[in-house]
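# A structural walkthrough
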Amino acid sequence: FTTPSIATTTTYYVAATNNGCTSTTRTAVVATVYAISSGTIGSNQSVFVNDNATFTASATNADTYQWQVSTDGGVSYNTISNGSEYSGVQTLTLTVNSVEINKNGYLYQILVSKSGSSCLSNPSSSALLSVKVKTVITNKRITYRVKKN
C-alpha cells in the first residue's frame, strides 16, 4: 500500500498477511502532518552609531527562533549569540546593542521551526541595518556633534 498525499493528520490501520491469511488484529498507525513554519521579519532599521537597533519578526506554526547575520550582502548567514553585541537571539525581537559603523549594511534574518517537527528551519526574508554617523560641525577649535531628530 502506498500512502497517498495527505494534508491533515490521518490514522491508517494495518494488518499482517501471511500466505493469504490475514490477522484479525489491526494496528493503528498515525501519519502526522506538521504545518510548515514560516517567519516574517519587519522593516529595515536605520540608527546612529552607538544607538540600539531593534528588529522584530512574526511567525506562523513555530515556537523555536534563531537570528542570523550576513556580513557579505546575503551570500551567507551566520548564527548569532546573546552577548555584548546582541540580545534576544532566540526570540521574535532581536536587539543589536550599541551599533558600530562597521555593521552598516549587515543583513539579518530569523530561522523559525516547530518543536517536534522533523522539518528544517525556514529562514525569513532579510532586513537591512543602516548605520548613520552623527553630523559633525567644526568651528575653529570647537567640534559639535549633532544628532538629527
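Residues numbered from 1 in each chain as written. Predicted model: local features only at pLDDT ≥ 70, side-chain atom pairs only at ≥ 80, totals over all residues. Heavy atoms only, no water.

### Notes on the sheet that holds strand β10 (residues 86-87)
- Pairing is antiparallel across the open sheet formed by four strands, whose spatial order is β5-β7-β11-β10. In this open sheet, the two edge strands, each paired with only one partner strand, are β5 (38-41) and β10. (Pairing = 2+ DSSP bridges. Helix = DSSP H or I, 4+ residues; strand = E, 2+ residues; numbered from the N terminus.)

### Structural notes on the side chain of N97
- Note that N97 resides in the loop between β11 (93-96) and β12 (107-113).
- Of the polar contacts made by the side chain of N97, one reaches the backbone oxygen of S84; its length is 3.5 Å.
- When neighbours within four sequence positions are excluded, N97 is seen to be in contact with D51, N52, G83, S84, E85, Y86 and S87. (Polar contact = N/O pair within 3.5 Å; in protein donor to acceptor, adjacent residues only side chain to side chain. Contact = heavy atoms within 4.5 Å.)

### A short note on the packing of aromatic side chains
- Across all of its chains, the model carries two aromatic pairs by this definition.
- With centroids separated by 5.0 Å and ring planes inclined at 35°, the aromatic side chains of F55 and Y108 adopt a geometry described as tilted. One end of the pair, F55, is in strand β7 (residues 53-60); the other, Y108, is in strand β12, and 53 residues separate them in sequence. With respect to class, F55 is no different from Y108; both count as buried.
- Both rings, one in Y86 and one in Y108, keep their centres 6.0 Å apart while their planes meet at 65°; by these two values the pair is edge-to-face. Here Y108 lies in strand β12 and Y86 lies in strand β10, a separation of 22 residues in the sequence. Across the pair, exposure class does not vary: Y86 and Y108 are buried alike.
- A network of ring pairs unites the aromatic residues F55, Y86 and Y108 as a single cluster.
- Its guanidinium or amino end placed over the ring of F48, K132 lies 4.5 Å from that ring's centre, counting from NZ or CZ. (Phe/Tyr/Trp six-rings, centres within 6.5 Å; stacked < 30°, edge-to-face > 60°. Buried < 20%, exposed > 50% of the residue type's maximum accessible area, 1.4 Å probe, protein only. Lys NZ or Arg CZ within 6 Å of the ring centre and 35° of its normal.)

Interpretation in functional terms is not warranted from these geometric data alone.
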